[in-house]
Amino acid sequence: MRTLTVALGERAYPIHIGSGLLGRGDLLAGALQTPQVAVVSNAVVAPLYLGRLGAALRATGVRVTEIVVPDGEAHKTWLTLNMIFDGLLAERCDRTTTVIALGGGVVGDLAGFAAASYQRGVPFIQVPTTLLAQVDSSVGGKTGINHPRGKNMVGAFWQPRLVLADTDTLSTLPGRELSAGLAEVIKYGLIRDLPFLDWLETHLDDLMARDAEALAYAIERSCANKAEVVVGDERETAKDGGRALLNLGHTFGHAIETGLGYGEWLHGEAVAAGTVMAAELSRRLGWLDGAAVDRVRSLMTRAGLPVAGPRLGAERYLDLMGHDKKVLAGRLRLVLLKHLGEALTYAEAPQGEVLAAITQCCA
Ligand SMILES: NC(=O)c1ccc[n+]([C@@H]2O[C@H](COP(=O)([O-])OP(=O)(O)OC[C@H]3O[C@@H](n4cnc5c(N)ncnc54)[C@H](O)[C@@H]3O)[C@@H](O)[C@H]2O)c1
Ligand SMILES: [Zn+2]
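Summarised in this report is the structure supplied together with it. Throughout, residues of each chain are indexed from 1 in the direction in which the sequence is written. Naming scheme: in the order in which they are written, chains are lettered from A and ligands are numbered from 1. Note on the predicted model: pLDDT of at least 70 is required for a residue's local features to be given, and 80 or more for side-chain atom pairs to be given and counted; whole-chain, interface and lining totals, by contrast, use all residues. To get the side-chain values, all heavy atoms of the structure are used, and hydrogens and water are removed first.

Thoughts on the pairing of strand E8 (residues 150–157)
Item 1. Only strands that DSSP links by at least two bridges are regarded as paired with each other. A helix here means a DSSP run of H or I that spans at least four residues, while a strand means a run of E at least two residues long, and both kinds are numbered starting from the N terminus. Examined bridge by bridge, strand E7 (residues 142–147) and E8 share 5 bridges and lie antiparallel to one another. From the neighbouring strand, isoleucine 145 faces E8, where its bridge partner is valine 154.
Item 2. Linking E7 back to E8 in an antiparallel pair, the connection comprises 2 residues.

Here's what the structure looks like:
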């Protein structure tokens, strides 16, 4: 087992990464305020893993309430959130009950927001079961739900007490979901960790083959990067850089997700194509050379990810990008690459160059 700490002072918490962790009732029980938990999972993950987790908890004397919600991004809504509150109230869960999220990013965001608001806030634990959730969404305390007018538009910052990433759960993950998670892993190398980018170039085939050791290392290194960024800018208020840098490729990517309709492309797929667009724009601004952009393309391709966006029309992209949360005071602030391994936020990119980069990166 590998352990990292998210150093947020009195809200600091450990991230444990390794094999067999779903069975470690001791690790979970040690993080509880009282021996009472509500495990939130979904209809796909619960049949696979809730039995193991529940048994491990009960074996240490913990009382377990199970709340199973429908699967999918379409259910990251107010309605599902309310189902969680119904479950918590029906079982008379009190202010000391710990909510445990068992699932991917959707379950984590939903359960986290439920924990942030149930009885004005109860303790929370993340047990992520997708690669994306293990390297990204379970760390950092962003929780929330979607509104019909926008993704993640309602939510709260609510840090977990513990993150338990059992790498065994990745064995059942569909290949497309594994690739989508790799897009975020590659992101950390690109924005702030060149040695990790080099490591990824050497070990990408091992990751695609789900080599346990390689996966554990990639998760650890990703979480270490995310933790550092979060500690430096917990609520994404830094004027330049900070937590916003984690959105490399995301403004372009959100345009793809919204333009095609949610669910057509996975988030990580859209981020991959969006990252290539950001790299291409960085080349046009004189920061990257062609060889560096090729390195980005080649890594994404090897990870089974798209490197070109759908042909929505560059103007349409720009219009959709204007609706992104990262737009401050009407200016399009993009995350771009100064070099491989160093990102920056930039609001001065000439519109013509942005349009040209998009056009060049559409299939
Ligand atoms: N809070 C954050 O900081 C943050 C960061 C990034 C993404 N997110 C959010 O995360 C969500 C995406 O998360 P995701 O990619 O994990 O999607 P997801 O939660 O929808 O999971 C993907 C699919 O895999 C299934 N699944 C989960 N674990 C499995 C397993 N071990 N074996 C087999 N199937 C499994 C799920 O049921 C689902 O069908 C989005 O809603 C996004 O907004 C949040
Ligand atoms: Zn993302």
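Here the narrative resumes, following the displayed structure.
A look at the coordination of the zinc ion (ligand 2)
Item 1. Donor atoms from the polypeptide that bind the zinc ion (ligand 2) are Glu184 (OE), His250 (NE2) and His267 (NE2), placed at 2.0 to 2.2 Å.
Item 2. Donor criterion used throughout: N, O or S atom within 2.8 Å of the metal, extended to 3.2 Å for Na, K and Ca. Water excluded; incomplete-looking sites may result. Look at where the donors of the zinc ion (ligand 2) fall in the sequence and you get E-x65-H-x16-H. Taken together, the residues span a long stretch of sequence, with glutamate 184 in helix H6 (residues 175–192) and histidine 250 in helix H9 (residues 250–260) at a distance of 66 residues. An identical accessibility class is assigned to glutamate 184 and histidine 250; each is buried. Accessible area is worked out with a 1.4 Å probe on protein chains only. A residue is then buried under 20% of its type maximum, exposed over 50%, and partly exposed in between.

Observations regarding the site of ligand 1
Item 1. Around ligand 1, the structure places 26 residues, and the nearest of them are Asp71, Glu73, Thr129, Thr130 and Thr172.
Item 2. Between ligand 1 and threonine 129, the relevant distance is 2.7 Å, taken from a nitrogen atom to a side-chain nitrogen or oxygen of the residue.
Item 3. Polar contact criterion, stated in full: a pair of N or O atoms within 3.5 Å, where within protein one must be able to donate a hydrogen and the other to accept it, and residues adjacent in sequence count only if both atoms are side-chain atoms. Within the contact set of ligand 1, an oxygen atom lies 3.2 Å away from a side-chain nitrogen or oxygen of lysine 151.
Item 4. In this description, accessible areas are obtained by the Shrake-Rupley approach with a 1.4 Å probe, and a residue is regarded as covered only by the protein chains that are shown. In isolation ligand 1 exposes 860 Å². Once the protein is present, 88% of that is buried.
Item 5. Going through the elements one at a time, helix H2 (45–59), helix H4 (105–117), helix H5 (131–137) and E8 are the ones with two or more residues in the shell around ligand 1.
Item 6. A class-by-class count of the residues in the shell around ligand 1 yields 8 nonpolar, 9 polar and 9 charged. Near is defined per residue: the residue qualifies when any heavy atom it owns lies within 4 Å of the molecule or strand. Three classes are used, and their members are as follows: Ala, Val, Leu, Ile, Met, Phe, Trp, Tyr, Cys and Pro are nonpolar, Asp, Glu, Lys and Arg are charged, and the others, Gly among them, are polar.

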